[in-house]
Amino acid sequence: MQQRTLGGTPVSALGLGGMPMSIEGRPDEDRSIRTIHAALDAGVTLIDTADAYHRDADEVGHNESLIAKALASYGADSSGILVATKGGHLRPGDGSWTLNGNPDYLKEAARASLKRLGGDAIDLYQYHRPDPEVPYEDSIGALKELLDEGVIRMAGISNATVHQIRKANEILGGRLVSVQNQFSPAFRSSEDELRYCGENGIAFLPWSPLGGIKKAGGLGEQFTPFQEIADNHGVSPQQVCLAWELALAPTVIPIPGASRPESIQDSARASELELSAEEIATLSSTD
C-alpha cells in the first residue's frame with residue numbers, strides 16, 4: 001500500500017469509509033468487523049467515520065463504536081491506525097439528515113465521539129457540513145478550541161467551498177489538515193476544491209469516490225472508458241476509478257465505503273495501479 005500524508009502523518013493512500021456498515025441496509029456486525037479487519041490486512045491505515053453514521057435515533061455513534069470494537073479485536077497491532085470522525089450532522093432516525101453547527105453542540109459531540117472511540121484524543125475531527133443557521137466562523141471556532149484543549153489532534157472540514165477552506169484555515173491558525181468533499185466520475189463539482197487542496201498541501205478526501213453505495217457497482221456500465229481501461233489492465237473499473245483519483249493530486253486520499261471484505265480488498269489494490277498520462281486524460285474528460 002502506497003502512503004500519503006495527512007497533517008504530517010503518513011497514512012495509506014486509500015482509506016476505508018465506514019458509513020455503509022451502520023446505516024440502512026447494513027450487514028450484521030460480524031461481517032462489518034471482518035470488513036474492517038480485511039482493510040487493515042490490506043494495509044489501510046485511515047478509517048473515516050462520523051457520529052451520524054447510524055440508522056436508528058437511539059444509536060448515535062453506531063459506526064464509531066463498531067470501529068472501536070473492530071480495532072480492539074484485531075489480531076495484530078492497530079496503534080498506527082488513524083481514525084477520522086465528524087460532527088455537525090444528525091440523523092433523527094426517520095432516514096433524514098439534519099444539521100447542528102452550534103459551537104457548544106460540536107464540542108459536546110466531539111467529547112462523546114472520543115469516549116466511543118477511546119484513547120487520549122481524536123486523531124482527526126471534521127466539521128461534517130455547514131449549518132446555514134450558524135455563522136461558519138463560530139462552528140470552526142469550536143474546532144479551534146478542541147484543538148487547543150487537546151481533545152482532537154487534527155482538524156478538518158467536509159462539504160466545503162474554496163472560500164470556506166480559506167476561512168477555516170485562517171481561523172485554525174494554519175492548522176487545517178483535510179477537506180472531505182464528494183467527488184467521483186459522476187460528481188465533479190469539487191474539482192476547484194481538490195485543486196486548491198493540492199496547491200496548498202491540504203489532504204483532499206473524496207467521499208463516495210465510486211459514486212455512492214447504490215451506484216458503485218455499475219460504475220463501469222455508466223462510464224464505459226473506466227470499464228475499457230479496466231479490461232486492458234485486467235482489474236475492476238472501481239480500481240481504475242480510485243487510481244485515477246489518486247493521480248489527480250498527491251494530496252488526494254479516497255475513502256471508499258465498504259461493507260464486504262472483498263470490496264475493500266479490491267479498492268486497496270488501486271494504490272498499486274499505474275495509469276498512463278493518456279489514460280488519465282481520457283478518464284478526466286469522461287462525462
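Coordinates for the structure precede this section.
Because the structure is a prediction, the values reported are computed rather than measured. (Residues numbered from 1 in each chain as written. Predicted model: local features only at pLDDT ≥ 70, side-chain atom pairs only at ≥ 80, totals over all residues. Heavy atoms only, no water.)

Points about the overall build of the chain
Reasoning step 1: Helices and strands together make up the secondary structure of the chain, namely 11 helices and 11 strands.
Reasoning step 2: For a compact globule of 287 residues, the expected C-alpha radius of gyration is about 19 Å, and the chain comes in at 18 Å, within 12% of that figure.
Reasoning step 3: C-alpha atoms of the chain, sized along the principal axes, occupy 55 × 40 × 35 Å.
Reasoning step 4: Considering the chain as a whole, with its 287 residues, one finds that 56% of them fall into the buried category.
Reasoning step 5: Contacts in the chain between residues at least 24 apart in sequence constitute 73% of all its contacts with a sequence separation of at least 6.
Reasoning step 6: Split by element, the accessible area of the chain, about 12,000 Å² in all, is 46% carbon and sulfur.
Reasoning step 7: Here the chain contributes 24 positive and 40 negative side-chain charges, whose respective centroids are spaced 3 Å apart. (Helix = DSSP H or I, 4+ residues; strand = E, 2+ residues; numbered from the N terminus. Rg over C-alpha atoms; globule rule 2.2 N^0.38 Å. Buried < 20%, exposed > 50% of the residue type's maximum accessible area, 1.4 Å probe, protein only. Contact = heavy atoms within 4.5 Å. Areas by Shrake-Rupley, 256 points an atom, 1.4 Å probe, with all protein chains shown as cover. Lys, Arg positive; Asp, Glu negative; His and termini not counted. Charge placed at Lys NZ, Arg CZ, Asp CG, Glu CD.)

Quick word on helix H4 (residues 136-149)
Reasoning step 1: Compared with an ideal rise of 1.5 Å per residue, which puts 14 residues at 20 Å, H4 spans 20 Å between its outermost C-alpha atoms and is within 8% of the ideal.
Reasoning step 2: All of the buried residues in H4 are Tyr136, Ser139, Ile140, Gly141, Ala142, Leu143, Leu146 and Leu147.
Reasoning step 3: On the buried face of H4, the contacting elements are helix H3 (103-117), strand S8 (122-127), strand S9 (152-158) and helix H5 (162-171).
Reasoning step 4: Following H4 by one or two positions, Gly150 has its phi on the positive side, about 80 degrees. (Expected span 1.5 Å × (residues − 1).)

Some details on the nonpolar core
Reasoning step 1: Among the nonpolar cores identified, the biggest contains 52 residues, and Ile157 and Ile165 are the most heavily contacted of them.
Reasoning step 2: Apart from residues no more than four positions distant in its own chain, Ile165 is found in contact with Ile157, Ala160, Leu176, Val179, Glu193, Tyr196, Cys197 and Ile202. (Core = buried A, V, L, I, M, F, W, Y, C linked by side-chain atoms within 4.5 Å.)

Re the pairing of strand S5 (residues 82-87)
Reasoning step 1: Counting buried positions along S5 yields 6 of 6 residues, so the element is predominantly enclosed.
Reasoning step 2: Across the two faces of S5 the burial is the same, with Leu82, Ala84 and Lys86 and Val83, Thr85 and Gly87 all buried.
Reasoning step 3: Note: strand S4 (residues 46-48) against S5, 3 bridges, orientation parallel. Across the sheet, the residue bridging to Leu46 is Leu82, located in S5.
Reasoning step 4: Running through helix H2 (residues 62-73), the crossover from S4 to the neighbouring parallel element S5 is right-handed. (Pairing = 2+ DSSP bridges. Right-handed = clockwise from strand over helix to strand, strands pointing away.)

Some points on the sheet that holds S4
Reasoning step 1: Overall, parallel pairing links the 7 strands, which are arranged S3-S4-S5-S8-S9-S10-S11 in an open sheet. This sheet does not close on itself; its edge strands, each paired only once, are strand S3 (16-17) and strand S11 (203-204).
Reasoning step 2: Contacts from H4 reach S8 and S9 within the one sheet, and its direction differs from that of S9 by about 160 degrees. (Axes fitted to C-alpha atoms, helices over the stretch in contact; angles between N-to-C directions.)

Re the packing of aromatic side chains
Reasoning step 1: For the structure shown, the criterion picks out 5 aromatic pairs.
Reasoning step 2: Each ring, one from Phe183 and one from Phe204, has its centre 6.5 Å from the other, and the planes form 85 degrees; the classification is edge-to-face. Remark: Phe204 occurs in strand S11 and Phe183 occurs in the loop between strand S10 (176-180) and helix H6 (191-200); sequence separation between them is 21 residues. The residues Phe183 and Phe204 share a single accessibility class, namely buried.
Reasoning step 3: A ring pair is formed by Phe183 and Trp244, whose centres lie 5.8 Å apart and whose planes are at 25 degrees; its orientation type is stacked. Remark: Trp244 occurs in helix H9 (residues 237-248) and Phe183 occurs in the loop between S10 and H6; sequence separation between them is 61 residues.
Reasoning step 4: On the basis of relative accessible area, Phe183 is assigned to the buried category, the value being 2%.
Reasoning step 5: One aromatic cluster is present, built from ring pairs that chain together Phe183, Phe204, Phe223, Phe226 and Trp244. (Phe/Tyr/Trp six-rings, centres within 6.5 Å; stacked < 30°, edge-to-face > 60°.)

Some words on the pairing of strand S2 (residues 9-12)
Reasoning step 1: Where strand S1 (residues 3-6) lies against S2, 4 bridges are found, and the strand directions are antiparallel. Within S2, the residue paired with Gln3 across the bridge is Ser12.
Reasoning step 2: Linkage of S1 to S2, two consecutive antiparallel strands, is achieved through a turn of 2 residues, within which Gly7 is found at a positive phi near 60 degrees.

Re the environment of Arg153
Reasoning step 1: Relative to the elements of secondary structure, Arg153 occurs in strand S9.
Reasoning step 2: It is 20 Å that separates the C-alpha atoms of Arg153 and Val44, two residues lying 109 residues apart in sequence.
Reasoning step 3: With residues up to four places along the chain from it excluded, the contact list for Arg153 reads Asp120, Ala121, Ile122, Asp123 and Leu147.
Reasoning step 4: Separated by 2.7 Å, the side chains of Arg153 and Asp123 make a polar contact. (Polar contact = N/O pair within 3.5 Å; in protein donor to acceptor, adjacent residues only side chain to side chain.)

Remarks on the environment of Glu145
Reasoning step 1: Structurally, the position occupied by Glu145 is in helix H4.
Reasoning step 2: When the C-alpha positions of Glu145 and Leu172 are compared, they lie 9.1 Å apart, and in sequence the two are 27 residues distant.

Regarding the state of the cysteines
A covalent bond bridging the sulfur atoms of two cysteines is what the word disulfide describes.
Reasoning step 1: Summed over all chains, the structure comprises 0 disulfides.
Reasoning step 2: Lacking any disulfide linkage, Cys197 is separated from the closest cysteine sulfur, that of Cys241, by 18 Å.
Reasoning step 3: The exposure class of Cys241 is buried, given its relative accessible area of 0%. (Disulfide = S-S within 2.5 Å.)

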